[in-house]
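Breakdown of the fold
The lines below spell out each chain.
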Amino acid sequence: MTPDAPQYRRYLTDFDSARTGHVFTEVLVVGTGVAGLSAALAAAERADVIVLAKGALEFSSTHWAQGGIAAVTAPADTVAQHVADTLTVGCGLNRREVVETVCGAGPQRIDELIAAGFAFDEHAGELALGLEGGHHENRVLHAGGDATGRALSDFLFVRAKAHERIRVFQQCFLIDLLTVDGVCCGAVTFHPKYGHQLVWAGQTVLASGGYGQLYRETTNPPGITGDGVAAALRAGACVADMELVQFHPTTLYIAGATRALISEAVRGEGAHLVDRSGYRFMADYHADGELAPRDVVSRAIVAQLKKTHGTSVFLDVRPIGVERFARRFPTITARCAEFGVDVGRELIPVRPAAHFSIGGVVVDTTARTNVPGLFACGEVSCSGLHGANRLASNSLLEGLVLGKVAGREAASAVNGVARPAGRLRNENPRSPKTLLDLADVRQSLRSLLWRNAGIERHGERLAETVEIIDFWSKFTLDKTFDDTAGWEIQNMLLLGRMLADGARRRTRSCGVHYRADEPADAPQRLHGGYRLEGGVLQARWLGLDFEPLAH
Ligand SMILES: Cc1cc2nc3c(=O)[nH]c(=O)nc-3n(C[C@H](O)[C@H](O)[C@H](O)COP(=O)(O)OP(=O)(O)OC[C@H]3O[C@@H](n4cnc5c(N)ncnc54)[C@H](O)[C@@H]3O)c2cc1C
């Protein structure tokens, strides 16, 4: 770290337990995606639960998921093969025990969903199973064609809302996790109607999703700004592998359109990737062609764009057949039609975008973080399931399996409701410096990271990126904001700093992380960890099971 590295505050906001409103619960769950709702439902079997989210249900990545859930259900398939596929794609950085737990529990979680009334798509009376890149069997279950995430989050949400032991707080923003003597005892939140509140909880489960919004080009919904990772770090948690971000090769590339995902399942069903001259190029880059792992396809697209001076490549879905495509992918068909693309006659312009956050809050196999009283699950966490690259459709599965583990463990650990032993307050010093155009800082950060810490990375540019972020941090982190836009950008600067620094420190290419200046195939089989110590970020390498290494 440079001597004038930024100082990060313990809390982003002022509060005083003598004045701020209080809410009490046994288990607090932050996030209403698949991980949070799974955790809440599991915890509610034996504890009272509050589950909160900063936005409406549709502002989770879960809601937007298309392809489906990977799990072994076909007679010819085996858990051993699912484990092997996950490890191969993860490039040796996976935590094997977690891979075995998640893949092994998959079939049971699917059976439970079906028994509870969830309707997966079927074909000829059997579960319809899609094929996606990196899988050696058809094992991706889906619902509503390409609306799996929406169907799943609606289904789990209805059950959570109806549960007598669960209270759901929407529009409720987690600003920070409360700690007393290093133990997590809930959160300080903000609600537009109720203002600041202190939510005291016996145990807290963080399920607040990833940090895809750090990039200008992303498939993630607008609220996925990594607030949970930043809050956990400030509360003393260890965070790792922030530089490991999976880029999805095919998102709709039309000016003015959000970067809507064109699911990998589209290529699984037989769509071709072609360049502007109509050339089907993927065979030049990988033996598996269009179904090569995502990082390979993303880099191939970048290379082909450079070669052909194009701004996008194209998906040709005509080999699938127009009617079959419309039936299997109704959401994508409708999205393309909104922008005047008739998929029966025209090619779909696509480019890569940031998609999935592999890094996050380090957890053990029971979803515990290193902060007593704090669990994490789903995309906010770094469980070791994905290694250095995520196997397609493994993340909804992770949320279902480890979300349930986190909820169950949290409920078992509850020993009553946490209550403030004494007065707890925070007051940040006021900054004498200028007011800021927050939207400009946000856009500048997202563009910077896309340019310098995106699909192709170079050491020099990463070092420069860290310096720039430190500079912007100096006049942004000294402010005490009173709205979500301010807290989000403070979180994004902290996360962007770790992302760029982690990419700089990981000098070898590995999985989703591609160093164009050091592409040699000798990856660091280590996790890049971060802690905040005395308000300063400290980086250290961790072993394969996230154990601290002797320096
Ligand atoms: C377009 C798209 C398609 C995808 N397709 C697939 C797929 O087919 N299969 C697959 O396995 N994976 C897919 N993924 C990835 C997968 O959807 C996610 O990894 C997974 O849903 C993450 O679930 P989660 O519960 O951890 O987080 P999310 O579903 O992202 O939920 C996060 C929750 O936390 C809340 N939150 C965040 N910050 C705060 C805060 N400060 N205060 C309060 N609440 C907060 C959010 O409002 C939200 O409720 C896709 C992702 C995207 C974006």
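Below or above, wherever it landed, is the structure these notes cover. (Residues numbered from 1 in each chain as written. Predicted model: local features only at pLDDT ≥ 70, side-chain atom pairs only at ≥ 80, totals over all residues. Heavy atoms only, no water.)

**Notes on the side chain of Glu488**
Its location among the elements puts Glu488 in helix H14 (residues 484-505). One polar contact links Glu488 to Arg442, side chain to side chain, over a distance of 2.7 Å. Other than its neighbours up to four places away in sequence, Glu488 contacts Lys54, Phe173, Thr225, Asp227 and Arg442. (Helix = DSSP H or I, 4+ residues; strand = E, 2+ residues; numbered from the N terminus. Polar contact = N/O pair within 3.5 Å; in protein donor to acceptor, adjacent residues only side chain to side chain. Contact = heavy atoms within 4.5 Å.)

**Structural notes on the packing of helix H4 (residues 96-115) against helix H11 (residues 394-413)**
Two elements in contact, H4 and H11, have axes separated by 8 Å at closest approach and are oriented at 95 degrees. Taken together, the axes of H4 and H11 are roughly perpendicular relative to one another. Taken together, the residues of H11 that come into contact with H4 (itself represented by Val98, Thr101, Val102, Cys103, Ala105, Gly106, Arg109, Glu112 and Leu113) are Leu397, Glu398, Leu400, Val401, Leu402 and Lys404. (Axes fitted to C-alpha atoms, helices over the stretch in contact; angles between N-to-C directions. Parallel < 35°, antiparallel > 145°, perpendicular 65-115°, else oblique.)

**Points about helix H5 (residues 148-162)**
The terminal C-alpha atoms of H5 lie 21 Å apart, and with 15 residues this matches the ideal 21 Å at 1.5 Å per residue to within 8%. Turning to H5, its buried residues are Thr148, Gly149, Leu152, Ser153, Phe155, Leu156, Phe157 and Ala160. (Expected span 1.5 Å × (residues − 1). Buried < 20%, exposed > 50% of the residue type's maximum accessible area, 1.4 Å probe, protein only.)

**Some words on the pairing of strand E2 (residues 21-30)**
Across the 10 residues that make up E2, a large majority, seven, are buried. Pairing geometry for E2 and strand E12 (residues 195-206), over nine bridges, is parallel. Following the sheet pairing, His22 is matched in E12 by Leu198. Both E2 and strand E3 (residues 49-52) contribute to a ladder of four bridges, which runs parallel. Each bridged residue has a counterpart across the sheet, and for Val30 the counterpart in E3 is Leu52. (Pairing = 2+ DSSP bridges.)

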